[in-house]
Amino acid sequence: MLNEEQNNKFVILCKELMPEYMYRADDDNFIFGDFRDKNRFNCFYHNGNENIDFVFTRLHFEINEWIKKYANRFTGGNRYICSADRSTLNNLHTILCGLITFFQKIGFELNVTSEYKNLIFEGKNEILNSEGYVVDDDFILPNLIIDEPIFTICGRNNFENIRFLIFGAAKSKPDVVLNDVLDGNLKVLNDTDVLVYDDDIKESLTYADFKKWWNKNKRKYSWYNPLQQMNEMELRVQDYYKKTFNDDMFPVLIPQVYLHYDPKDKEVRKKYKYNNSLIFQRMDFLIIYKSRRVIIEIDGKTHTPENSLEQYSKQLEYDRTMKFLGYDIFRLGGYELTHNFEDTVKVFFDNLMQYLKVNNA
């Protein structure tokens, strides 16, 4: 999730921000301590970086301890806050502000469960400003959270930077050149083999947007035939989606989208010194809606560990990476689609529309 430089900066930041009682240090790396049960929440945090997971685990514990320490007092009507209470809450506020700023700088969003966020940010001000160290009667102490994470990280997408969508490509790989490297102005030479959406894309790409673009370009792309570009199961999924959600306000389901791109194929790349080819370049479907990017993959037997454990592991690694960058990835199994197609796609797309909060869904 973090490169080596970012990880080093993260460790330095946390050592500056966090009091010594919250961690032990060893050779500039955080390690889990064995004091009491401060690491009980580590099962909730799996961010691919032990330092991040450690800090989130310890913060989760410390916030819960603060709440537990004063729960009986508050519920019993005693709302006195001593100087140590204020100091601890102020420390937690400083730590979270520092972490939020750090992740924002490297393109991630650190989210905190709303109840705890209210305590650390809004509640802190009320406590620190209370007269006579007594908080007002309307101050609410949040319930303990012991069965789910309170910190999550996601990527922050800037959809204003989307310049092109290269899609509808299955039989032929895009032949791409850069007209202006500094401006990132690309051109697809084989536009009789792939589709290029070049209108502005902001927060969403809906059917209304897509129809407008298609009406301008349908003569240019009159060659396009989905029967030749997609396999049978992909066609069935797309047909179901079009019949069910073909309203102008719904996001369009974009097939065979190139998200990553290597101009050389895998076999050619092996002959070069830099043999680090992109394994996953094209996705089955993409949805762009309300600043979310949703990847939908139709997985057959080649995506199973029984077929290739190495390939399957690389797929899992890729999925984790994309999730950290802010993409939602959903995989539909070929087996479930073959044996129970209608129920599978209905439940999935109904849930997806609710997840995306699509209007009229």
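Here the structure is shown first, and the text comes after it.
Keep in mind it's a predicted model, so treat the numbers as computed, not measured.

Moving on, we get to the sheet that holds strand β9 (residues 254-258). With mixed pairing, four strands are arranged side by side in an open sheet as β9-β10-β11-β12. Each edge of the open sheet is held by one strand with a lone partner, namely β9 and β12 (327-333). On average, adjacent strands in this sheet sit at an angle of 40 degrees to one another, irrespective of strand direction. Direction of pairing for β9 relative to strand β10 (residues 282-289): antiparallel, over a ladder of four bridges. Its bridge partner being in β10, Tyr 258 is matched across the sheet by Arg 282. Against the sheet, helix α9 (residues 309-324) contacts β11 (292-299) and β12, and its axis sits at roughly 145 degrees relative to β12. Docked against the sheet, helix α11 (residues 341-356) engages β10, β11 and β12, running at close to 165 degrees with respect to β11.

Let us look at the side chain of Asp 328. Here Asp 328 is to be found in strand β12. On the basis of relative accessibility, which here comes to 12%, the residue Asp 328 falls in the buried class. With residues up to four places along the chain from it excluded, the contact list for Asp 328 reads Arg 292, Arg 293, Val 294, Ile 295 and Tyr 355.

What follows covers helix α3 (residues 83-105). Taking 1.5 Å per residue, 23 residues should reach 33 Å; α3 reaches 33 Å between its end C-alpha atoms and fits that length. For α3, the complete set of buried residues consists of Asp 85, Arg 86, Leu 89, Leu 92, His 93, Ile 95, Leu 96, Gly 98, Leu 99, Ile 100, Phe 102 and Phe 103. One or two positions beyond α3, positive phi appears at Gly 107, with a value near 90 degrees.

Under the definition given, this model contains 27 aromatic pairs. When the ring of Phe 56 is compared with that of Phe 103, the centres are 6.4 Å apart and the planes differ by 50 degrees; the resulting orientation is tilted. Of this pair, Phe 56 sits in helix α2 (residues 50-75) while Phe 103 is found in helix α3, placing the two residues 47 residues apart along the sequence. Phe 103 gets classed as buried once you look at its relative accessible area, which sits at 0%. Judged by centre distance (5.4 Å) and plane angle (45 degrees), the rings of Phe 210 and Trp 213 are tilted. Of this pair, Phe 210 and Trp 213 both sit in helix α5 (residues 207-217), three residues apart, which is roughly one turn of that helix. On the accessibility criterion, Phe 210 (18% relative accessible area) is buried. Residue classification places Trp 213 among the buried residues on the basis of a relative accessible area of 0%. Here Arg 236 stacks its cationic end above the ring of Phe 341, 3.9 Å away from the centre of that ring.

What counts, and at which threshold
Residues numbered from 1 in each chain as written. Predicted model: local features only at pLDDT ≥ 70, side-chain atom pairs only at ≥ 80, totals over all residues. Heavy atoms only, no water. Pairing = 2+ DSSP bridges. Helix = DSSP H or I, 4+ residues; strand = E, 2+ residues; numbered from the N terminus. Axes fitted to C-alpha atoms, helices over the stretch in contact; angles between N-to-C directions. Contact = heavy atoms within 4.5 Å. Buried < 20%, exposed > 50% of the residue type's maximum accessible area, 1.4 Å probe, protein only. Expected span 1.5 Å × (residues − 1). Phe/Tyr/Trp six-rings, centres within 6.5 Å; stacked < 30°, edge-to-face > 60°. Lys NZ or Arg CZ within 6 Å of the ring centre and 35° of its normal.

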